[in-house]
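Residue strings, one per chain:
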Amino acid sequence: MNISDMYKSGKTVLSFEVFPPKKTSPIESVYGALDELTALNPAYISVTYGAGGTAADNTIAIASRIRNTYNIETIAHLTCVNSDRNQVKDVLEKLRENNIDNVLALRGDRIPDVEPKTDFRYASELTAFIKELGGFHIAGACYPETHPEAPDDVTDIINLKKKVDAGAEFLISQLFFDNDIFYKFQKRCLIAGINVPIEAGIMPVINKNQIQRMVSLCGASLPSKFSKIMTRFGDNPEALRDAGIAYAIDQCVDLISSGVSGIHLYTMNNPYVARKITEAIGKLL
Ligand code: FAD
């Protein structure tokens with residue numbers, strides 16, 4: 001099914017993100033989490049792609065399980081920075097064989113000391129390539145606080161428009177903790193003529209290390225309400241988990257009330273957290 005059709009009802013779409021296990025763990029190590037996450041019946045589940053495409057088979061296997069065992073719609077992430085056209089074609093062929101026709105087309109982060117391939121410089125080029133091959137519905141990533149490599153927010157939005165013009169039918173946002181930043185981003189998109197649905201990426205923060213890593217990776221701003229939680233409960237794991245869940249629920253309630261197209265929950269493969277949030281907002285969707 002084309003995921004972008006899900007937004008046509010006008011209801012807020014709730015979707016999850018999961019990631020494949022580390023190379024050192026067997027793929028079965030995520031099956032327990034998948035059992036519980038799929039039981040929450042999200043509209044669809046996205047499956048991340050290892051940086052550099054090293055574990056593409058795991059992404060395909062997990063997406064296939066979601067689609068074909070649990071009968072839940074899925075979207076496979078696919079990065080291109082370290083792949084050439086034939087490698088991308090191979091992955092797409094395997095996705096097709098597994099009944100998966102939604103792809104989140106990404107450039108991916110450059111890996112230090114690895115010379116990037118040159119067939120695709122940007123996600124928009126991958127998007128155009130997949131669109132031309134045909135048979136897939138394509139989504140793209142977007143950055144409410146501007147992609148870290150972009151010189152400024154206007155340039156980043158102009159680049160995002162190229163991705164949508166190339167064929168991205170909906171967008172999933174980078175995580176953010178301040179909804180006003182997302183609302184301003186939505187306005188910039190409208191001004192630029194970007195009219196596709198945009199799902200808000202929400203990451204419930206449940207431990208201190210996670211937040212430090214996330215903020216250094218994506219540069220999300222931390223509102224004072226959020227920083228106070230970190231200061232007060234940083235050394236109390238259970239209190240921090242509960243406060244992090246409450247914060248994410250508060251963000252979701254405000255986003256849904258404001259008519260957001262979708263909420264994409266970065267579950268970190270944690271069914272407990274996903275369940276708490278799904279239960280809290282399920283009736284609001
Ligand atoms: P692009 O859209 O290509 O943008 C990258 C940069 O290039 C931006 O600064 C943009 O402004 C600029 N740019 C774009 N087009 C042009 C142009 N035509 N001319 C000049 N500049 C241009 N990474 C993974 O490795 N695996 C994953 O599974 C994964 N999933 C993600 C899911 C989401 C929802 C998000 C938000 C990110 C995800 N990432 C993932 C991270 C992503 O790969 C990185 O953020 C990466 O640096 C950018 O990818 P992109 O597809 O947004 O790139």
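Anything mentioned here points back to the structure above.
As the structure is a computational prediction, the values presented were derived from the model and not from experiment. (Residues numbered from 1 in each chain as written. Predicted model: local features only at pLDDT ≥ 70, side-chain atom pairs only at ≥ 80, totals over all residues. Heavy atoms only, no water.)

Student: Quick question: what am I supposed to make of the overall build of the protein chain here?
Tutor: Along its length, the protein chain carries 10 helices and eight strands. Against the compact-globule benchmark of 19 Å for 285 residues, the protein chain has a radius of gyration of 18 Å, which places it among compact chains. Counting every position in the protein chain, which comprises 285 residues, the buried fraction comes to 52%. Of the contacts formed within the protein chain by residues at least 6 apart in sequence, a portion of 82% connects residues at least 24 apart. Approximately 13500 Å² of the protein chain is accessible, and the part contributed by carbon and sulfur atoms is 50%. (Helix = DSSP H or I, 4+ residues; strand = E, 2+ residues; numbered from the N terminus. Rg over C-alpha atoms; globule rule 2.2 N^0.38 Å. Buried < 20%, exposed > 50% of the residue type's maximum accessible area, 1.4 Å probe, protein only. Contact = heavy atoms within 4.5 Å. Areas by Shrake-Rupley, 256 points an atom, 1.4 Å probe, with all protein chains shown as cover.)

Student: Is there a simple way to explain the nonpolar core in this structure?
Tutor: Generally speaking, a soluble globular protein has its nonpolar side chains buried in company with each other. One finds Leu78, Leu95, Ile130, Leu171, Phe182, Leu255 and Ile277 to be the most contacted residues of the largest nonpolar core, which totals 64 residues. Leaving out residues up to four positions away in the same chain, Leu95 has contacts with Ile60, Ala76, Ile100, Val103 and Phe136. In this structure, Ile3, Leu175, Ala243 and Tyr247 belong to the second largest nonpolar core, which totals 27 residues. (Core = buried A, V, L, I, M, F, W, Y, C linked by side-chain atoms within 4.5 Å.)

Student: Explain the sheet that holds strand E8 (residues 262-266) to me, please; I cannot follow it from the model alone.
Tutor: Reading around the circumference, E1-E2-E3-E4-E5-E6-E7-E8 is the order of the eight strands in this closed barrel, with parallel pairing throughout. If you compare each strand with its neighbour and ignore which way they point, the axes differ by 30° on average. The pairing of strand E2 (residues 44-47) with strand E3 (residues 73-79) spans four bridges and is classified as parallel. Opposite Tyr44, over in E3, you have Glu73 as the bridge partner. With respect to the sheet, helix H3 (residues 85-97) is in contact with E3 and strand E4 (102-106), its orientation differing from that of E3 by roughly 170°. (Pairing = 2+ DSSP bridges. Axes fitted to C-alpha atoms, helices over the stretch in contact; angles between N-to-C directions.)

Student: Help me understand the site of the ligand in this model?
Tutor: Every one of the 24 residues lining the ligand counts as a neighbour, but Tyr49, Asp109, Tyr143, Asp156 and Lys163 are closest to it. Within the backbone of Ala150, one N or O atom sits 3.4 Å away from an oxygen atom of the ligand. Take Asn159: an N or O atom from its side chain is 2.9 Å from an oxygen atom of the ligand. Elements with a contribution of two residues or more to the shell around the ligand: E3, E4, helix H5 (153-166) and strand E6 (170-175). Top element by residues in the shell around the ligand is H5. It accounts for four residues. For the shell around the ligand, the per-class residue count stands at 11 nonpolar, seven polar and six charged. (Near = heavy atom within 4 Å. Polar contact = N/O pair within 3.5 Å; in protein donor to acceptor, adjacent residues only side chain to side chain. Nonpolar A, V, L, I, M, F, W, Y, C, P; charged D, E, K, R; others polar.)

Student: Help me out: how do you make sense of the packing of aromatic side chains in this one?
Tutor: In the structure shown here, the tally under the stated rule is eight aromatic pairs. Aromatic side chains Phe226 and Tyr247 sit 5.1 Å apart centroid to centroid with 80° between the ring planes, which places their arrangement in the edge-to-face category. With Phe226 in helix H8 (residues 224-233) and Tyr247 in helix H9 (residues 237-257), this residue pair connects regions lying 21 residues apart in the sequence. Summarising the burial analysis for this pair, Phe226 and Tyr247 share the class buried. Following the ring pairs from residue to residue traces out a cluster consisting of Phe176, Phe182, Tyr183 and Phe185. When the ring centre of Tyr31 is taken as reference, the NZ or CZ atom of Arg65 above it lies at 3.7 Å. (Phe/Tyr/Trp six-rings, centres within 6.5 Å; stacked < 30°, edge-to-face > 60°. Lys NZ or Arg CZ within 6 Å of the ring centre and 35° of its normal.)

Student: Could you clarify how one ought to interpret unusual backbone geometry in this entry?
Tutor: Negative phi values dominate among residues other than glycine, just as trans dominates among peptide bonds. In this model, Asn71 sits at a positive phi of 60°, which is unusual for a non-glycine residue. Its location among the elements puts Asn71 in the loop between helix H2 (56-69) and E3. Among the residues examined, Asn71 registers a relative accessible area of 62% and is labelled exposed.

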